[in-house]
Amino acid sequence: MKREVLGPAGTAGTRVDPETLRVRSLNAHQLLRGGELEGANQPAHLEGEELERYVHERLVFTTLDSAVAWARSNSFFPLAFGLACCAMEQFQTAGPRMDIARFGYEAFRASPRQADLIILAGRVSIKMAPIIRRLYDQMLEPKWAISMGACCSSMGVFNNYALVPADKFMPIDVHVPGCPPRPEALMHGVLKLREMVQDNPEAGWRERYGAVGTEERP
Amino acid sequence: MPDATGLELLAHDLGEAALEAVHYRGQATIVVDPAHIRTVLQTLRERGFGFLASVHGVDYYPEEPRLGVVYELLDMSRVDRIAVKARVPVDAPVIDSVTPEWPTADHQEREVYDMFGVVFRGHPDLRRILMPEDYEGHPQRRDFPIGGEPVIFTRDEGRWLEARE
């Protein structure tokens, strides 16, 4: 396939000549100094401290890692996946009262390959565990998991032959307690996860479970 | 439900298959010989009890015979209910399947088999339905351990990881 260079206004195939590039960069520089474009009558020249302040007010410096973490943490794509009664509360977080869309997590995906957050809403029976593990394995990295409610964290009132706690077969980032947790609680859990992804991505399960180096590589 | 007299008459009609007729707390029950369960249910169907509402198992530990299978029948036109109970011993927990006549019993008999270990003779596909296929034991029996495991809280995580190594 032939690669085409996109010129100004998306005109394909026209290569920008060095002179135009130079003029553009000069214009950008002028704008940044608070001046007007060439041709305007009074370009304001800022120097020294004033220029410093002007630039500080208009630019944000960050590392690529934290910028990426910021973007990721503000748009989780949860897997539309309910196991039991907790799922009702999970639906309500997407409902009008709690409205998870305020934080950018409203895109519930029906396929694990499009999701990066799995919320285990309900109890996990022994027969269901391999299926959930499979769904989790099908999700693309980076991925997170929330265990919602008592059953899949500690098996709750069903601490018997039938259930298995989620920690036994997959890594969990956030446990939300409750039976079932109210939508506020789940929201709090998701926001905690956001906090974790933004501020301390190292606090993930790989560190806790000693699984550093097992990331999927492209 | 049939009143006490009606129940007695019904039990009389079933002949030697009916072991006992109980009228307790508004629930009419006939205890039958497990060997005749198919003919009993067929007879009751001819009397109008055309809907098998439920098949479930009971463990009467430590009574003998220990395991029970209960069939709840419903007469839809007269809104009439009757329960049929059959008891099987735990060392030979075999009873005839009623799935050929009552297709609804298919999954319910599988569940009774899964949970109590009652073997339904003549069932087309008697496999476990709720527990994994390789599970050992029948968890709803009363001598089966409840199971479960200690809860792992974050504060115990270190110990747990150590124990795993």
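Our subject is the structure that appears above.
Throughout this document, residue positions are counted from 1 along each chain, in the order its sequence is written. As a convention, the first chain written is A and the first ligand written is 1, with the rest following in written order. Where totals are concerned, whole chains, interfaces and linings use all residues; where local detail is concerned, this predicted model gives features only for residues with pLDDT of at least 70, and gives and counts side-chain atom pairs only at 80 or more. Side-chain measures here rest on the full set of heavy atoms in the structure, leaving out hydrogens and waters.

Visitor: It is not clear to me how the side chain of Asp114 of chain B should be interpreted in this structure. Could you clarify?
Guide: Residues and elements named next belong to chain B. In this text, helices come from DSSP runs of H or I with a minimum length of four residues, and strands from runs of E with a minimum of two, each type numbered from the N-terminal end. Structurally, Asp114 can be placed in helix α3 (residues 105–116). Accessible area is worked out with a 1.4 Å probe on protein chains only. A residue is then buried under 20% of its type maximum, exposed over 50%, and partly exposed in between. On the basis of relative accessible area, Asp114 is assigned to the buried category, the value being 0%. In protein, a polar contact means a hydrogen-donor-capable atom and an acceptor-capable atom, both N or O and within 3.5 Å, with residues adjacent in sequence counting only if both atoms are side-chain atoms; elsewhere, any N or O pair within 3.5 Å suffices. Within the structure, the side chain of Asp114 is placed 2.5 Å from the side chain of Arg128, a separation counted as a polar contact. Apart from the residues within four sequence positions on either side, Asp114 is in contact with Arg128, Ile129, Leu130, Met131, Gly137, His138 and Pro139. Residue contacts follow a heavy-atom distance rule, with two residues in contact if any of their heavy atoms lie within 4.5 Å.

Visitor: Would you take a moment to explain the nonpolar core for this structure?
Guide: Across soluble globular proteins, you tend to see nonpolar side chains buried next to one another. Ranked by size, the top nonpolar core spans 36 residues in total, and within it Tyr71, Leu73, Val84 and Val118 of chain B carry the most contacts. Contributions of two or more residues to this core are made by α1 (4–14), β2 (27–32), α2 (37–46), β3 (51–59), β4 (67–75), β5 (80–88) and α3 of chain B. Sequence-distant contacts of Val84 of chain B, defined by excluding residues within four places in its chain, comprise Ile30, Val32, Ile37, Val40, Leu41, Leu44, Val69, Val70, Tyr71 and Leu73 of chain B. Ranked by size, the runner-up nonpolar core spans 20 residues in total, among them Phe76, Cys86, Ala87 and Leu117 of chain A. Buried Ala, Val, Leu, Ile, Met, Phe, Trp, Tyr and Cys residues that are joined via side-chain atoms within 4.5 Å together make up what is termed a nonpolar core.

Visitor: Whenever I open this one, the pattern of salt bridges confuses me. Can you help?
Guide: If charged atoms from side chains of opposite charge come close, those side chains can pair. Residue and element names in this part refer to chain B. When a carboxyl oxygen of Asp or Glu lies within 4 Å of a side-chain nitrogen of Lys or Arg, that pair is called a salt bridge. Counted according to the given criterion, the structure contains 13 salt bridges over all chains. Among the salt bridges present, the one from Arg78 reaches Asp75, with a minimum N-O distance of 2.8 Å. Judged by relative accessible area, which is 1%, Asp75 ranks as buried. Of the charged contacts, one joins Arg127 and Asp125 as a salt bridge, the two residues approaching to 2.9 Å between their closest N and O atoms. The class of Arg127 is partly exposed, set by a relative accessible area of 36%. Residue Asp125 is classed as partly exposed on the basis of its relative accessible area, which comes to 31%. Ionic contacts of the salt-bridge type, sharing partners, join the residues Asp59, Arg66 and Asp143 into one network.

Visitor: Teacher, can you tell me more about a nonpolar patch on the surface here?
Guide: Nonpolar side chains (Val, Leu, Ile, Met, Phe, Trp, Tyr) are joined into patches within 5 Å and like charges within 9 Å, using only residues with over 30% relative accessible area and no salt bridge. Note on areas: these come from Shrake-Rupley sampling with a 1.4 Å probe, and a residue is covered only by the protein chains present in the view. On the surface, a nonpolar cluster with roughly 310 Å² of combined accessible area is contributed by Leu32, Leu59 and Phe61 of chain A. Along the chain, Phe61 of chain A turns up in the loop between α2 (48–58) and α3 (64–73).

Coordinates in, geometry out; function isn't part of it.
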